[in-house]
Amino acid sequence: MVDDMATDSPRRAKNPKVAGVLLAAGGGRRLGGRPKALLEHRGRPLIEHAVRSLRNGGCGPLHVVLGAAAEEVRARADLTGCAVSVNPGWEEGMGSSLRLGLAALSATDADAALVLLVDQPGIGAEAVARVRLAFRSRMSLAAASYGGERSHPVLFGADRWADIAAAAVGDQGARSYLREHRDAITLVECSDVAEAYDIDTSQDLRHLE
């Protein structure tokens, strides 16, 4: 991995702007069509917990990508302080939402994007903060790991966004890109502060409180 930290200004090197990107467009097909963003957890929509994890983990600005039931999500969830995009092609899979989120950030001066999924309530601010601190340059690539297994959240340096977006197709998201660049990834162990389970099926709803 080429580290371009030497070319960054001292201020940006010490205080990088790491934007938070929350992918929350899924329609919950395996949950009977219940949008994951609106699943209730601790009395509030799941999406609010994910936004709080990004914010409390030190990310900003925050960008949320909605899709299924977008207007209902806007009406029921508090997304104060977040820029919101609606993905009209959300049924194509996660890749289209990731492309939209990164495109929205391209007009900002963010040095990196930290991507979190809405259906992983076991990942909180502590894991977000750890991965955020793995930023070294605009070519940084980092991910949380759990027992050595790569998962979310994932950090993408801004100089990688175009290539990641180009590779993000279908429901793969950034998986193919990460696979091809695995030697460049900084893995950040988070199993002591988070759990990376997904809320995909009715059996997974037991994780919600």
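This structure is a prediction, so every number in the text was calculated from the model and none was measured.

Caption draft 1: Quick look at helix α2 (residues 46-56). With eight of 11 residues buried, α2 lies mostly within the body of the structure. All of the buried residues along α2 are L46, I47, E48, H49, A50, V51, S53 and L54. Where α2 terminates, the next one or two residues include G58, which has phi positive at roughly 95 degrees.

Caption draft 2: Representation of the nonpolar core in the model. One finds L22 and I47 to be the most contacted residues of the largest nonpolar core, which totals 35 residues. Among the elements of the structure, β1 (18-24), α2, β4 (62-66), α3 (70-76), β6 (112-117), α5 (125-132) and β7 (141-146) are those that each provide at least two residues to this core. In terms of residues, this core owes the most to one element, α2, which gives four residues. Ranked by size, the runner-up nonpolar core spans 24 residues in total, among them L117, L141, I164 and A184.

Caption draft 3: Broad picture of the pairing of β1. Counting buried positions along β1 gives seven out of seven residues, so the element sits mostly inside the fold. Going residue by residue along β1, you find V18, G20, L22 and A24 tucked away on one face and A19, V21 and L23 tucked away on the opposite face as well. When β1 meets β6, the two strands line up parallel, connected through six bridges. Within the sheet, the bridge partner assigned to L22 lies in β6 and is L116. Examined bridge by bridge, β1 and β4 share five bridges and lie parallel to one another. When the bridges of β4 are listed, G20 appears paired with L62.

Caption draft 4: A look at the sheet that holds β7. What the seven strands build is an open sheet, ordered β5-β4-β1-β6-β8-β7-β9; its pairing is mixed. Where the open sheet ends on each side, the last strands, each with one partner, are β5 (82-86) and β9 (186-189). The average undirected angle you get between the axes of adjacent strands in this sheet is 25 degrees. Note: β6 against strand β8 (residues 149-157), four bridges, orientation antiparallel. Note that in β8 the partner of A112 across the bridge is G157. α2 rests against β1, β4, β5 and β6 of the sheet, and its axis sits at about 165 degrees to β1.

Caption draft 5: Expanded view of the pairing of β8. Taking burial as the measure, the nine residues of β8 include seven buried ones, the bulk of the element. Looking at chain direction, β7 and β8 are connected through five bridges and run antiparallel. By the bridge assignment for β8, S145 is matched with R150. What sits between the antiparallel neighbours β7 and β8 is a turn of two residues, in which G147 has the positive phi angle 65 degrees.

Caption draft 6: Molecular detail of the pattern of salt bridges. In the structure shown here, the tally under the stated rule is nine salt bridges. With a shortest N-O distance of 3.1 Å, R76 and E72 are connected by a salt bridge. A residue pair is termed a helical-turn pair when its members lie 3 or 4 positions apart in one helix, as R76 and E72 do in helix α3 at four residues. What emerges from the salt-bridge pattern is a single network uniting D111, R138 and D159.

Caption draft 7: Quick peek at the side chain of S53. In this fold, S53 is placed in helix α2. A relative accessible area of 9% means that S53 is categorised as buried.

Caption draft 8: The arrangement of the environment of A166 in detail. With respect to the helices and strands, A166 occurs in helix α6 (residues 161-167). What makes A166 exposed here is its relative accessible area of 63%. With 37 residues separating them along the chain, A166 and A129 place their C-alpha atoms 27 Å apart.

Caption draft 9: Summary view of the environment of V188. With respect to the element layout, V188 can be found in strand β9. Accessibility expressed as a relative area gives 12% for V188, which makes it buried. Spatially, the C-alpha atoms of V188 and R99 are 24 Å apart, while their sequence positions differ by 89 residues. Those residues in contact with V188 that sit more than four places away from it in its chain are R130, V131, A134, A143, A144 and S145.

Quick notes on the rules
- Residues numbered from 1 in each chain as written.
- Predicted model: local features only at pLDDT ≥ 70, side-chain atom pairs only at ≥ 80, totals over all residues.
- Heavy atoms only, no water.
- Buried < 20%, exposed > 50% of the residue type's maximum accessible area, 1.4 Å probe, protein only.
- Helix = DSSP H or I, 4+ residues; strand = E, 2+ residues; numbered from the N terminus.
- Core = buried A, V, L, I, M, F, W, Y, C linked by side-chain atoms within 4.5 Å.
- Pairing = 2+ DSSP bridges.
- Axes fitted to C-alpha atoms, helices over the stretch in contact; angles between N-to-C directions.
- Contact = heavy atoms within 4.5 Å.
- Salt bridge = Lys/Arg side-chain N within 4 Å of Asp/Glu carboxyl O.

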